[in-house]
Amino acid sequence: MDFTLSSYFNSFDVGKEYSVEFSDLESKLETITGSLADNPESLNFDNELFDDVVELVHGFLSLEGKHQKQLAYLITSSFNAIGLATIATVESGDFIDSLDNIKSTLEKYGYLMFVILKFLGKEDFSQVGGRSQKSVPKPLLAKWKSNCFEVENCLTAITTILKIDLAKIFVTTPERDAYLELFTRPLVNLMESSERMKLAAIRSLMFKVIAITVKNHGHAAIIQHSVIQCLTYYAHLPHYMAELLHIIADEYDYILLTEEILREISQIHFSANDTNGPRAVSEFLVKLSELSPRLILKQMTSISQLFDNSNPTLRCSLVESCGNIVVDILKTTSGDDEDGHNGSQQVEKLLDLLEERLLDQNPYVRTKAFQALAKIVGLKVKLTERRQRMMMLAVRSLDDKSTLVRRNTIKLMSKLVLNHQFQSPHGSQLGLTFWKQKLEEAEADLLQYVPVSPRKQKKTSTAEDMDIDNEEEEHSIAIEDEEQEDEEQEDADKQADADIAEDEKEEDEEDDVDHEELNTSMVQQEQNLPDRTVLFRAKLKVNFYQDAVDFIEAVHHGTEVISRLLFSKNRNEAIDSMDFLVLADAYGIENASVGIRKMLHLVWMKGSSDEGKSVPSHLIDCYKTLFLTAPEGSRVEQAGYMAKNLIELTYDASVADLASLEKLLGLMYNEKLINSEVIRILWQIYSFDHEENDNRTKQRRGAIIVLGMLAVEDNEIIISGMESLLRIGLGSKKSDLTLCRYTCLALSRIVPTSYKTNNTVSTRIPNEEEAIAKLKAVLLDYNDKSEWYAVAQEAIGAIFQASTKPDLVCSDIIRAKGISVFAGNDTSGESKTVGLSQLLFIVGQVAIKTIVYLEKLEAQFKKKKHEAESKKNHGAKKKNDDENVDNELEMIGGTSEDDFTDAVIHVKEKELLYGDNSLLARFGPLAKEICSKSRRYNDTNLQRSALLCMVKLMCVSSIYCEENLPLLLTVLEKSDDPIIRCNCILGLGDMAVCFNNVVDQSTDFIYGRLTDKSVMVQKTCLMTVTFLILAGQVKVKGQLSSMAKCLENPDQGISDMCRLFFAELATKDNAIYNGFIDIFSGLSNDQTLSKDAMKRITKFLLSFIDKERHQKQLAEKLLVRLTTCHSQEQWNDVAFVLGAIPYKNETITAALDKGYSLVSAKD
């Protein structure tokens, strides 16, 4: 049949299975090849030849590989030859007569090329993608390479054809478009393969073909439809489509297609359930904004309509696109020409758009806005006013609910600080004090040039004038009294007289000015005025420093907020906050040191960031950067710098700060960040014994604190400085009680901790006798300062660590101290009350340390026994070794662990406080006597020491505890001293751990102190109860409502601690769900608690009941209670909780709707 392009094109079905019916395929191919090689145009004249070629091409997939290659090469080479010949014919202009033949030949070859490309694109090579070349089967890989080679040849031939001026051959547009679709439609099919699009050579050829059809042959409308189709259906194509449009616009200077596509995109309406479409469009816009931002800018009016779209993905892409456009404008324009002026206006409008998106309802959009701004401020452009505004907006957004937004806000602030605009005149530092001083100086300079108008000299008052003034004053007072009585009428008159009064005032001011002097002054000042340029510079200078101060104050405020974000549950946010504080410190932000001090406590945080880095390890890196990175210099200079920084970390540190610092320094020491040279410098600072001053004293204290912390990890540090400890801290500087205390603490760490060593034999320290004698002297020397008690506590701890016989040493100390108190004379000037207080404190502390010592001996015994049994079971010893077995091991082998444990318990219960030969037994009744007769023994320190001694003794023996528990509870209830009440609570907490069965019935007394009048007692009580409950030491009965009330405590610390308690409690076996009814009952019936507070507490607790099953069961329980309410108030409370629980059903809804009638019926 005659060839008609449209009929062949429409009848072809790539999914249909075509077959080749030639008996001898080889000879047929050779015949066709010979015919086309001689004359490619013969295909047009020989219908039989054309039919044979069409049959072969239709059956392309059924051919063998070599035949496919041969046929494809034959078609592409012939088509290429036809193209070259046609180009020459058309250029010569002599083609009118042969136009039909040229057109028919091109159509036939075009159809053949269309079919081959369709079949080449149909083959499945998805296994090639996502794998390495080695893992792909060799036959498949060879077939893939062959396919790509054939596609590349076809595309090359097509590019030759597109060089022809097709408008001269296909005169009408529909004809031309139909012909071009023979090439562009298969290309879209080829693009569907993500594996093929990754090949740069084929991709560039496809883009080139499409670009030429658009630019030279008016095929833009068809391509526009295809691009939209690709964006809609293929997830891998959006960024390739953006690249295609960039090439068409940039290399072929055709932007109309891009503009039309952007307009069409802006009009698309996506359904709420469609996620793929918005995502594809978003990727396309972002990529296009990176490649050709100016194209997006030209259509920003229409594209900006997507900001109103409900899909956040689209808004995110538009925000990112705006950022890319701004970056491109700032990089490519200067402000000197008209383009620069227009560019700055466009930048302002785009930045306004970005700032609006900072308040977008979706956190991801807000995040993208901050990321775009961060990219912009990273450029080396001024934008002074904008940077100032960005910093203010960033500080505001630090309170955003979304962690992701806050993290990117911190990153934006970091970029703003890093690239701040005040770096040139005074370096890069941002010290607020310095810049304020510069601002004051600049303002003073400017004020020199401000003219001052002279005033008339006022006449000296005469006596008559004074009398007149007095009369007028009295008269005015009378008038004021009358006016006060008629105040309402006066208010009405005031508005009418306001203008007249103002005019009179101005006239009076003009009268005050001496016009003659003013003229003279103005002439003089005008003569003295500097050049106008100087004035302009002075004003600019003031504005510059004012901007700097405003910027730094905003950074200060942001630093305060970021210091709070350090303890975010999100590990990434904590790490970002740490990085910002390190940066702020580097730029001299003065309040960054507060946040850096708070960072210490992150050493206890568990978990890691998304990148797998733990918070403590990042904290180590930050502190290494801040304090252990010394400037260039000698090894000694660097060590001195590091030692000085470590010492300064101890200045003004709280107990919590020191505990965290100890943990951190231990980690840093284990990572070899603190070397021996630093430790040697620290010992030198501690041992320096000349020219005493406050700074030297602080440095010495800091040095021993740091050395004591490092000794936890390596006790050899203390052994190496033993002589200095005895000579300085316990010798010449013993009067410095703070230094003495930390010296004793360091000395207590001279023995390695149990987890650091497997040695069961107690080690003997050097200079033990001298050390014990010095420690004795610290405890026995009279000192009436309150710091003595902290020193005594550490000294006793040091004795139990350093001495081989601590029990005997402490006995000697107690005897000596007792003799000095009870048998000494009064002529020495020492207060007996102070001595007795100190004696009781020593007794109590020795009792506690004795228990710890006994437990240590018990652990050592068990360890030795296990070692002995292990050696015995292995039977690895020789006979002579068996004869030399240590007597101690023989004794251990004959003693059971239970026997030893029972012996230790007997000593604690019966011997220490009730033995005939026990020294501590003499002081139990004494402490009780003083505590029970507080009026007779009314010294505050004595009462505190006696109670502390009694509490510690109660932790030794359950018998003594049971005897004195009523007295302790009485003191807790009746004492006016908050410190005594705190000690009672702490003691009861310890007793609850030691003797739970004795104290269990008295826990209500502890809970009662949650409402103590002293905030200190409340905090102590809350911490104690929190520990006991979370550690499982006490059973929660009905007291959780008392804990819940603390959520509304006016003290923020107590409220936060209580929130933390319930957050931890929620992780333990549905504890809040199980106790919610009891908590609610207690809160509802508490008359001291307002209903609003009760509702806030209830909503907070319900947030922890997140399982639907629990919500349903709780709602059902409350529904039963709702029907049994006896008053409207009760019903309102239960109804509120039911309404706050997410679970609802028809019964609950009906009960709530009928609530009021039910209540009134019961009433």
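Model, not experiment: these values are computed from the prediction.

**Brief notes about the overall build of the protein chain**
For step 1, the next point in the chain: Of the regular secondary structure elements, the protein chain holds 58 helices and 0 strands.
For step 2, the next point in the chain: Split into buried and exposed, the 1163 residues of the protein chain put 47% on the buried side.
For step 3, the next point in the chain: At a minimum sequence separation of 6, the contacts of the protein chain that also span at least 24 residues come to 73%.
For step 4, the next point in the chain: A total of about 59800 Å² of accessible surface is found on the protein chain, and carbon and sulfur atoms cover 49% of it.

**A closer look at the pattern of salt bridges**
For step 1, the next point in the chain: Within the structure shown, the criterion is met by 43 salt bridges.
For step 2, the next point in the chain: Between Arg-294 and Asp-328 there is a salt bridge, with the nearest N and O atoms lying 2.9 Å from each other. Pair noted here: Arg-294 is in helix α15 (residues 293-298) and Asp-328 is in helix α17 (residues 312-332), with a separation of 34 residues, a long-range link.
For step 3, the next point in the chain: Residue class for Arg-294 comes out partly exposed when judged on its relative accessible area of 32%.
For step 4, the next point in the chain: The closest approach of N and O atoms between Lys-1045 and Asp-1086, which form a salt bridge, is 2.7 Å. Here the residue Lys-1045 occupies a position in helix α51 (residues 1040-1045), and Asp-1086 occupies one in the loop between α53 (1071-1085) and α54 (1091-1102), the gap between them amounting to 41 residues.

**Quick word on empty space enclosed by the protein**
To find leftover empty space, one rolls a probe the size of a water molecule over the atoms.
For step 1, the next point in the chain: Enumeration according to the criterion identifies 3 cavities of 30 Å³ or more in this entry.
For step 2, the next point in the chain: Along the walls of the largest cavity sit Thr-184, Val-188, Met-191, Ile-210, Ile-223, Ser-226, Val-227, Cys-230, Met-241 and Leu-244, which together make up its complete lining.
For step 3, the next point in the chain: Partitioning the lining of the largest cavity into residue classes produces 8 nonpolar, 2 polar and no charged.

**Focus on the packing of aromatic side chains**
For step 1, the next point in the chain: Applying the stated rule across the entire model yields 30 aromatic pairs.
For step 2, the next point in the chain: Seen in terms of ring centroids, Phe-422 and Phe-544 are 5.5 Å apart; in terms of plane orientation they differ by 65 degrees. Their pairing is edge-to-face. In this pair, Phe-422 is assigned in the loop between α21 (403-418) and α22 (432-447) and Phe-544 in helix α26 (residues 532-565), connecting sequence segments 122 residues apart.
For step 3, the next point in the chain: A residue is classified by how much of its surface remains accessible, and Phe-422, at 1% relative accessible area, is buried.
For step 4, the next point in the chain: Overall, the relative accessible area of 23% leaves Phe-544 in the partly exposed class.
For step 5, the next point in the chain: Aromatic side chains Trp-788 and Phe-841 sit 6.3 Å apart centroid to centroid with 65 degrees between the ring planes, which places their arrangement in the edge-to-face category. Here Trp-788 is found in helix α38 (residues 788-802), whereas its partner Phe-841 is found in helix α40 (residues 832-874), with 53 residues between them in sequence.
For step 6, the next point in the chain: In this structure Trp-788 comes out as buried when scored by relative accessible area, which is 2%.
For step 7, the next point in the chain: Positioned over the ring face of Phe-50 is Lys-108, at 4.9 Å from the centre of the ring.

**Looking at helix α55 (residues 1108-1122)**
Helical periodicity: at 3.6 residues per turn, an α-helix aligns residues three or four positions apart in one direction.
For step 1, the next point in the chain: When the terminal C-alpha atoms of α55 are compared, their 21 Å separation across 15 residues agrees well with the 21 Å that a helix rising 1.5 Å per residue should span.
For step 2, the next point in the chain: Buried within α55 we find His-1110, Gln-1111, Leu-1114, Ala-1115, Leu-1118, Leu-1119 and Leu-1122.

**Things to note about the nonpolar core**
For step 1, the next point in the chain: Judged by nonpolar contacts, the single largest core of 351 residues is most densely connected at Leu-106, Tyr-179, Phe-284, Tyr-623, Ile-674, Leu-968 and Phe-1062.
For step 2, the next point in the chain: Sorting elements by how many residues they give to this core places helix α6 (residues 99-122) first, with 13 residues.
For step 3, the next point in the chain: The residues touching Phe-284, leaving out its near neighbours within four places in the chain, are Leu-231, Pro-238, Met-241, Ala-242, Leu-245, Ile-261, Leu-262 and Ile-265.

**Thoughts on the confidence of the model for the protein chain**
For step 1, the next point in the chain: In the predicted model, the protein chain carries a mean pLDDT of 84, and 87% of its residues have values of at least 70.
For step 2, the next point in the chain: Across residues 1158-1163, where pLDDT falls below 50, the model places 6 contacts with residues more than four positions away in sequence or in other chains.

**Considerations on the environment of Leu-74**
For step 1, the next point in the chain: For Leu-74, the position within the fold is in helix α5 (residues 65-92).
For step 2, the next point in the chain: By relative accessible area, which is 6% here, Leu-74 ends up buried.
For step 3, the next point in the chain: For the pair Leu-74 and Ile-32, spaced 42 residues apart in sequence, the C-alpha separation works out to 8.9 Å.
For step 4, the next point in the chain: When sequence neighbours within four positions are dropped, the list of residues in contact with Leu-74 reads Ile-32, Thr-33 and Leu-36.

**Describing the state of the cysteines**
For step 1, the next point in the chain: Under the definition given, this model contains 0 disulfides.
For step 2, the next point in the chain: Free of any disulfide, Cys-961 has its nearest cysteine sulfur in Cys-955, 7.1 Å distant.

**Concerning helix α12 (residues 238-250)**
For step 1, the next point in the chain: The end-to-end C-alpha separation of α12 is 18 Å, in line with the 18 Å expected for 13 residues at 1.5 Å each.
For step 2, the next point in the chain: In terms of burial, α12 is largely enclosed, as 10 of its 13 residues are buried.

**Quick notes on the packing of helix α10 (residues 200-217) against α12**
For step 1, the next point in the chain: For the pair α10 and α12, the least separation of the axes is 10 Å and the interaxial angle reads 50 degrees. Viewed along their axes, α10 and α12 adopt a mutual orientation that is oblique. Crossing angle aside, the handedness with which α10 passes α12 is right-handed. Two secondary-structure elements touch here, α10 through Arg-203, Phe-207, Ile-210, Ala-211 and Val-214 and α12 through Tyr-240, Glu-243, Leu-244, Ile-247 and Ile-248.
For step 2, the next point in the chain: Class assignment for the residues of the contact of α10 with α12 results in 8 nonpolar, no polar and 2 charged.

**Digging into the packing of helix α35 (residues 722-732) against helix α36 (residues 737-747)**
For step 1, the next point in the chain: Two numbers describe how α35 lies on α36: the axes approach to 9 Å, and their chain directions differ by 155 degrees. Taken together, the axes of α35 and α36 lie roughly antiparallel to each other. Like other packed secondary-structure pairs, α35 and α36 cross with a definite hand, here left-handed. Facing α35, whose interface residues are Met-722, Leu-725, Ile-728, Gly-729 and Leu-730, α36 presents Leu-739, Cys-740, Thr-743, Cys-744 and Leu-747.
For step 2, the next point in the chain: Split by residue class, the contact of α35 with α36 holds 8 nonpolar, 2 polar and no charged.

**Side note on the side chain of His-67**
For step 1, the next point in the chain: With respect to the helices and strands, His-67 occurs in helix α5.
For step 2, the next point in the chain: Among residues more than four places away in sequence, those in contact with His-67 are Leu-25, Glu-26 and Leu-29.

**A closer look at the environment of Leu-351**
For step 1, the next point in the chain: Inspection of the secondary structure assignment puts Leu-351 in helix α18 (residues 338-357).
For step 2, the next point in the chain: C-alpha of Leu-351 to C-alpha of Cys-322: the two residues are 29 residues apart in sequence and 8.0 Å apart in space.
For step 3, the next point in the chain: Excluding its chain neighbours within four sequence positions, the residues that come into contact with Leu-351 are Val-326, Leu-373, Ile-376, Arg-386 and Met-390.

**Some thoughts on the environment of Arg-263**
For step 1, the next point in the chain: The topology assignment puts Arg-263 in helix α13 (residues 256-267).
For step 2, the next point in the chain: If we skip the residues at most four places from it in the chain, Arg-263 touches Gln-299 and Ser-302.

**A short note on unusual backbone geometry**
Negative phi values dominate among residues other than glycine, just as trans dominates among peptide bonds.
For step 1, the next point in the chain: For Asp-253, which is not glycine, the phi torsion reads 55 degrees and is therefore positive.
For step 2, the next point in the chain: With respect to the helices and strands, the residue Asp-253 is situated in the loop between α12 and α13.
For step 3, the next point in the chain: Positive phi is not limited to glycine here, since Lys-672 has a value of about 65 degrees.
For step 4, the next point in the chain: Looking at the secondary structure, you find Lys-672 in the loop between α31 (655-670) and α32 (676-687).
For step 5, the next point in the chain: Residue classification places Lys-672 among the exposed residues on the basis of a relative accessible area of 70%.

Here is what the cut-offs are and how they apply
Residues numbered from 1 in each chain as written. Predicted model: local features only at pLDDT ≥ 70, side-chain atom pairs only at ≥ 80, totals over all residues. Heavy atoms only, no water. Helix = DSSP H or I, 4+ residues; strand = E, 2+ residues; numbered from the N terminus. Buried < 20%, exposed > 50% of the residue type's maximum accessible area, 1.4 Å probe, protein only. Contact = heavy atoms within 4.5 Å. Areas by Shrake-Rupley, 256 points an atom, 1.4 Å probe, with all protein chains shown as cover. Salt bridge = Lys/Arg side-chain N within 4 Å of Asp/Glu carboxyl O. 1 Å grid on protein atoms, 1.4 Å probe; cavity = no way out; pocket = protein on both sides within 12 Å on 5 of 7 lines; lining within 4 Å. Points joined across faces, edges and corners; volume = space filled by probe spheres on them. Nonpolar A, V, L, I, M, F, W, Y, C, P; charged D, E, K, R; others polar. Phe/Tyr/Trp six-rings, centres within 6.5 Å; stacked < 30°, edge-to-face > 60°. Lys NZ or Arg CZ within 6 Å of the ring centre and 35° of its normal. Expected span 1.5 Å × (residues − 1). Core = buried A, V, L, I, M, F, W, Y, C linked by side-chain atoms within 4.5 Å. pLDDT = per-residue confidence, 0-100. Disulfide = S-S within 2.5 Å. Axes fitted to C-alpha atoms, helices over the stretch in contact; angles between N-to-C directions. Parallel < 35°, antiparallel > 145°, perpendicular 65-115°, else oblique. Left-handed = near helix turned anticlockwise from the far one by under 90°.

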